[in-house]
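Working through the structure, step by step
So you can see what is in the structure, the chains are spelled out below.
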Amino acid sequence: MTSLTTTAAWRALAAHAAQMQSRHLRELFAADPARAQRFTLEFDEIYLDYSKQRINAETMTLLLALAEQADINGWIRRMFAGDTINESEGRAVLHVALRADLDEFPKGRSVMAGVREARQKMREFVARVREGKLLGASGQVITDVVNIGIGGSDLGPRLLVQALASELDKAPRVHFVSNVDPAELDAVLAALRPAQTLFVVASKTFTTVETLHNAQRARLWLGDGLAMKAHFAAVTENSAAAREFGVDAELTFPLWDWVGGRFSIWSSVGLSAAIAMGNEHFDAFLEGAHQMDAHFHTAEPGLNLPVVLALMSIWNSNFLGARSHAVLPYSHALRSLPAYLQQLEMESNGKQVDRDGQPLDYTTAPLLWGSSGTVSQHSYHQLLHQGTTSIPVDFIVPLQAPGDAKAQAMLVANALAQGAALMSGTAPGTPPQRATPGNRPSNTLLIERLTPQALGQLIALYEHKVFIQGLIWNINSFDQWGVELGKTIARSLSNGGLPPDMDASTAALL
């Protein structure tokens, strides 16, 4: 047994969960007329209702004791002090610096001068592109920007451009390529003209195989008649490799080793999105995240949105037996949010050993999945309502959106109806095939309108939620060693090699 599961706080929650298993949410609401107000939190653009979780006041007291046992306040202070909390890689975790307004952070070894310099370089470049002042090699205006990246170098900027499409104006069109499958790049390039296309190659190390292969194909597509340096920019920590590839130093934007890929949208990785959004909107996006940082840093745990979201997830996963978690944005603009959160949560917390390298005997990182409503209602909501397992849900609902007001009202009504149906189920006596048990937990996050600022708050909220989960599970949320082995084998197989210890199945398939 690991030390966590033998602690008094954990054992108390396990005993309490056994008592709560027989309680139905209908009963909990009936017993507490103020429940809908008691279990809600609000911060600026975001309103969180977690009253449809299978909890009561005692549950919250016990969960907060578990959080206190993990010393979450101490760890939060350490992160905001710039301590080396990513122990296995020997790094600080400083992505909050990318949206901070401090003169010095962290004290004594500040990174803020570099952050400000990089942001100013971005601003100037974004302005040149959007104003039509960045010309291709033949003197034509750049009309299209293609972001070539994968993982955090693709999911973040892609989400921003989709989510804030209604905020975009006549800026250059921005496209995204991540898959090494040639079909994706071919489909994007089919509609573009080389003389008016700029490629942004985003790779922290500038060694990412898929990204570099797509960049090499893009370079060939430009043809010999165009000077490559006028059509390529790079976002990387490895500026030497970018120069060797042929990217001009003036069009190379920095990253740092203290920025993890899944936390990098706030950095130069957001360059393509900033081109689409404009500097004013990108600044508002950063400001929204900074506001959530301040809330997370200072709010008491029971009033702290990221902490409460994390505690709900731990309660469901570790004490009520949930093995997956659905994120359902009732917003076409947020259709890529589940994919973004998949990387954020599962790459961060998909771990099997604790900070000391000891095997875990408890669940971490439930499988995260989802898509946008109301489309999802006509595919897998049947499983949510009548499946044999209870799957917690986050409903994310912007209340206002551009376009038809009646359709938007219908969208919001559907989101609220799904949460109500999951909670209450059908009336007793309903025929078995038609009966839904209810008692299925959910959070509902309301956003008045999906502005850049609100989106910044939302993404930072989930970032900090992941950190708190990791603290309570006693794991390092900021390394990702598990992704490396498959890459190593793939490089060998792609080069025609067959390691001597390769298994017989893979050798036969090859």
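The sections below set out a description of the structure shown in this document. (Residues numbered from 1 in each chain as written. Predicted model: local features only at pLDDT ≥ 70, side-chain atom pairs only at ≥ 80, totals over all residues. Heavy atoms only, no water.)

1. Thoughts on the overall build of the protein chain
Our working definition: Think of it this way: any DSSP run of H or I at least four residues long counts as a helix, any run of E at least two long counts as a strand, and we number them from the N terminus. Only the C-alpha atoms count toward the radius of gyration. The rule for a globule is 2.2 Å times the residue count to the power 0.38. Under the scheme applied here, a residue whose accessible area is under 20% of the maximum for its type counts as buried, over 50% as exposed, and between as partly exposed, the area being computed with a 1.4 Å probe on protein chains only.
A count of helices and strands for the protein chain gives 19 helices and 11 strands. Scaling as 2.2 N^0.38, a compact globule of 510 residues should have a C-alpha radius of gyration of about 24 Å, and the protein chain matches this with 24 Å. Referenced to the eigenvectors of the C-alpha coordinate spread, the extents of the protein chain come out at roughly 75 × 60 × 55 Å. Burial statistics for the protein chain: of 510 residues in total, 54% are counted as buried.

2. Comments concerning the environment of glutamate 448
Mapped onto the elements of the fold, glutamate 448 is located in strand S11 (residues 442-449). Since its relative accessible area comes to 43%, glutamate 448 is described here as partly exposed. For the pair glutamate 448 and valine 397, spaced 51 residues apart in sequence, the C-alpha separation works out to 8.4 Å.

3. Comments concerning the packing of helix H5 (residues 72-81) against helix H12 (residues 279-298)
We count it as follows: Working convention: axes come from line fits to C-alpha atoms, limited for helices to the stretch in contact. Angles between N-to-C directions cover 0 to 180 degrees. Orientation labels follow simple angle bins: below 35 degrees gives roughly parallel, above 145 gives roughly antiparallel, 65 to 115 gives roughly perpendicular, and whatever is left gives oblique. Here, residues are in contact when the closest pair of their heavy atoms is within 4.5 Å. All residues other than Ala, Val, Leu, Ile, Met, Phe, Trp, Tyr, Cys, Pro, Asp, Glu, Lys and Arg, Gly among them, are scored as polar; the first ten of these are nonpolar and the last four charged.
Axis separation between H5 and H12 bottoms out at 9 Å; the angle between their running directions is 140 degrees. On the basis of their axis angle, the class for H5 and H12 is oblique. Contact residues: H5 offers Ile76, Met79 and Phe80, while H12 offers Asp293, Phe296 and His297. Across the contact of H5 with H12, the residue classes tally to 4 nonpolar, 1 polar and 1 charged.

4. Remarks on the nonpolar core
Within soluble globular proteins, side chains that are nonpolar generally end up buried alongside one another. Counted only if it meets this: Residues grouped as a nonpolar core are buried Ala, Val, Leu, Ile, Met, Phe, Trp, Tyr and Cys residues, joined through side-chain atoms within 4.5 Å.
Phe232 and Phe285 are the most contacted members of the largest nonpolar core, which has 141 residues in total. Looking at this core, the element that brings in the most residues is helix H17 (residues 452-473), giving 13 residues. Apart from residues lying up to four places away in sequence, phenylalanine 285 is in contact with Leu160, Ile265, Trp266, Met277, Pro452, Gln453, Leu455, Gly456 and Ile459.

5. Describing the sheet that holds strand S8 (residues 324-329)
Put simply, the rule is: Two strands qualify as a pair provided DSSP detects at least 2 bridges between them.
Taken in spatial order, the 6 strands make up an open sheet running S1-S2-S11-S10-S8-S9, and their pairing is mixed. Looking along the sheet, the strands with just one partner apiece sit at the ends: strand S1 (40-43) and strand S9 (367-369). Between one strand axis and the next, the sheet turns through 15 degrees on average, direction left out of account. Here 4 bridges tie S8 to strand S10 (residues 393-400), and the two strands are oriented parallel to one another.

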